Amino acid sequence: MSDLQKIKLALRRFAREREWEPFHSPKNLAMAVAGEAGELVALFQWLTEAESRALPPARLAQAADEIADVQMYLVALADQLGVDIPSAVAGKMARNALRYPAAEFRGSARRHDEPPD
Ligand SMILES: [Mg+2]
């Protein structure tokens, strides 16, 4: 069993033990993903690029907690929608590889729909 499968089953059990399933609609879980992503982003707000690359241990632990929150809600959302995350990721990465050929986008942060400099 994959790590994602283990997380999915643990989340199902956690929600079932608390009778929280009625709250876990796709809408609510998508909103929870956004909320937790906001908490993650807030940890980096106002930091310099260099500061963001060298977080103090306590801040790094907070970031790890928020990453976990985002991941858990994403897994729960995918579970509710019947989305297989590894398959979805593989498909999106294949499309991104076509959209962003390495030879054309190496060292560039431009979007695929922006003209080259
Ligand atoms: Mg959080």
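Read on for a plain summary of the structure.

What counts, and where the lines are drawn
Along each chain, residue indices are assigned from 1 in the same order as the chain's sequence is written. Given that this is a predicted model, residues contribute local features only at a pLDDT of at least 70 and side-chain atom pairs are listed and counted only at 80 or more, while totals for whole chains, interfaces and linings are drawn from all residues. The basis for the side-chain values is all heavy atoms of the structure; hydrogens and waters are excluded. Strands here mean DSSP runs of E at least two residues long; helices mean DSSP runs of H or I at least four residues long; both are numbered from the N terminus. Think of it in three bands: residues with accessible area under 20% of the maximum for their type are buried, residues over 50% are exposed, and the middle band is partly exposed, with areas taken using a 1.4 Å probe on protein chains only. Between two residues, a contact is recorded if the distance between any of their heavy atoms is within 4.5 Å. Exposure was quantified through the Shrake-Rupley algorithm and a 1.4 Å probe, taking into account, for residues, occlusion by the shown protein chains and nothing else. Charge assignment in this entry is limited to Lys and Arg as positive and Asp and Glu as negative, and neither His nor the chain termini are counted. One atom stands in for each charge, and that atom is NZ of Lys, CZ of Arg, CG of Asp or CD of Glu. Given a helix with a known number of residues, its expected span is that number minus one, times 1.5 Å. For helices, the fitted axis covers only the stretch in contact; all axes are lines through C-alpha atoms, and the angles between them, taken along N-to-C directions, range from 0 to 180 degrees. Angles are sorted into four bins: roughly parallel if under 35 degrees, roughly antiparallel if over 145, roughly perpendicular if 65 to 115, and oblique for all others. For this classification, the nonpolar set comprises Ala, Val, Leu, Ile, Met, Phe, Trp, Tyr, Cys and Pro, the charged set comprises Asp, Glu, Lys and Arg, and every other residue, Gly included, is treated as polar. Buried and open spaces are told apart on a 1 Å grid over the protein atoms alone, a cavity being a set of points where a 1.4 Å probe fits but cannot get out and a pocket being an open set with protein on both sides within 12 Å along at least five of seven lines. Residues with an atom within 4 Å of a point are the lining residues. Grid points are joined across faces, edges and corners, and a volume is the space filled by probe spheres set on the points.

A tally of regular secondary structure across the protein chain gives six helices and zero strands. Counted from the first residue to the last, the protein chain has its helices and strands arranged as α-α-α-α-α-α. With respect to the principal axes defined by its C-alpha atoms, the protein chain has extents near 55 × 35 × 25 Å. Looking at the 117 residues of the protein chain, the share that counts as buried comes to 15%. Contacts in the protein chain between residues far apart in sequence, at least 24 positions, make up 55% of those at least 6 positions apart. Entry remark: accessible area of the protein chain is about 8,900 Å², with carbon and sulfur atoms responsible for 60%. The distance from the centre of the 15 positive side-chain charges to the centre of the 17 negative ones in the protein chain is 6 Å.

Attention shifts here to helix H4 (residues 57-81). For H4, spanning 25 residues, the distance from its first C-alpha to its last is 36 Å, which sits close to the expected 36 Å at 1.5 Å a residue. Of all the residues in H4, the buried ones are Ala63, Glu66, Val70, Val75, Ala76, Leu77 and Ala78. Where the residues of H4 are buried, they touch helix H1 (3-18), helix H2 (26-44) and helix H5 (85-99). Within two residues after H4, Gly82 carries a phi angle of roughly 70 degrees, on the positive side.

In this section: the packing of H1 against H4. Where H1 contacts H4, the two axes come as close as 10 Å, and the packing angle between them is 85 degrees. For the element pair H1 / H4, the angle class is roughly perpendicular. Contacts between H1 and H4 involve Leu4, Ile7, Lys8, Leu11 and Arg12 from the first element and Gln71, Met72, Val75, Ala76 and Asp79 from the second. The residue makeup of the contact of H1 with H4, split by class, is six nonpolar, one polar and three charged.

Right, let's get into the layout of surface pockets. Roughly 420 Å³ of volume is contained in the largest pocket. Around the largest pocket sit 20 residues that line it, and Leu11, Ala15, His24, Tyr73 and Ala76 are the ones nearest its centre. Secondary-structure elements contributing two or more residues to the lining of the largest pocket are H1, H2 and H4. A volume near 180 Å³ is recorded for the second largest pocket. The wall of the second largest pocket is formed by Ser2, Leu4, Gln5, Lys8, Val75, Ala78, Asp79, Gly82, Val83, Asp84, Ile85 and Pro86. Going through the elements one at a time, H1, H4 and H5 are the ones with two or more residues in the lining of the second largest pocket.

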